[in-house]
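# Summary of the model geometry
Chain by chain, the residues run as shown.
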Amino acid sequence: MRGRIRTALVVVVAAAVAAAGTWWAMARQGAAKPAEPAPVDVSLEPFTTNLRDGRVVQVTLVLRVAGPEAADELEHGRMADVRHQVYRVLRGMTAADLAGTAGMDRLRQAVWHALADPADGAVPGHGQAPASDGTSAAASPAGGRGAAAAGSPGAEAGAAAGPGAGVGGLGLPIREVLITDLIVQ
C-alpha cells in the first residue's frame, strides 16, 4: 500500500512541476512580447520634381508608422532624410514607370525600400514588405523586393532599394506607404 501511495505522490508532484514549468514558460513568453502600438499616419508635404525623362511629377504620400513614438521621431528628427530619399526615388523614375496602378505600386515599393530597414527590407518587428498588389509579401534579401526587382529602373541599375534609393533604407519603422495624390505632366 505504501508503494502505491509513494508512486501516486511522485506522479502528482511531477505533474505539478510540469504544469508550473509550462505556466512559467508561457508567462515569460507573453511578457517578452509587448503589445504593438496602434499605427499612426504621417502625412508628408507634396513632392514636385522632374522625372528622369524630363516630365514633372507631383505626389503626396502618407507613411503609416508603428506608433506615436515612431511618428514623433519621423516628424521631428528624420523628415529631411525622408524627403531626400523620396526625391531620389522620384528622380530615378520615368513617366512610364509611374503609369497605371502598376506604376503606383512600383512607386510605393521603391519608397518603402528607400525608407525601411537597410539590412533586409523588412519592417522592424514585422518581416513584411508591401507587395505590388497592395497586400504584403514576405521580405527576403532574394525575393521580397516585389516591383523593385521586376522591371523598375532600380532593377536595371542593380539597386535593390528601388530607383535612386541608394544603398539600403533609413531603417524607419514604416508599415506602409500610401499614395494620396499622383500627377505626371
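## Some details on empty space enclosed by the protein
- A complete count under the given rule lists one cavity of 30 Å³ or more for this structure.
- Quantified by volume, the largest cavity comes out at close to 30 Å³.
- Around the largest cavity, the lining residues are Val65, Ala70, Leu74, Leu172, Pro173 and Ile174.
- Grouping the constituent residues of the lining of the largest cavity by class yields six nonpolar, no polar and no charged.

## A closer look at the nonpolar core
- Counting 30 residues, the largest nonpolar core has Leu61, Leu63 and Leu107 as its most contacted members.
- Of all the elements in the fold, those that place two or more residues in this core are β3 (56-65), α2 (68-77), α3 (79-91), α4 (100-115) and β6 (174-184).
- Among residues more than four places away in sequence, those in contact with Leu107 are Val59, Val89, Leu90, Met93, Leu98, Ile179 and Leu182.

About the thresholds
Residues numbered from 1 in each chain as written. Predicted model: local features only at pLDDT ≥ 70, side-chain atom pairs only at ≥ 80, totals over all residues. Heavy atoms only, no water. 1 Å grid on protein atoms, 1.4 Å probe; cavity = no way out; pocket = protein on both sides within 12 Å on 5 of 7 lines; lining within 4 Å. Points joined across faces, edges and corners; volume = space filled by probe spheres on them. Nonpolar A, V, L, I, M, F, W, Y, C, P; charged D, E, K, R; others polar. Core = buried A, V, L, I, M, F, W, Y, C linked by side-chain atoms within 4.5 Å. Buried < 20%, exposed > 50% of the residue type's maximum accessible area, 1.4 Å probe, protein only. Helix = DSSP H or I, 4+ residues; strand = E, 2+ residues; numbered from the N terminus. Contact = heavy atoms within 4.5 Å.

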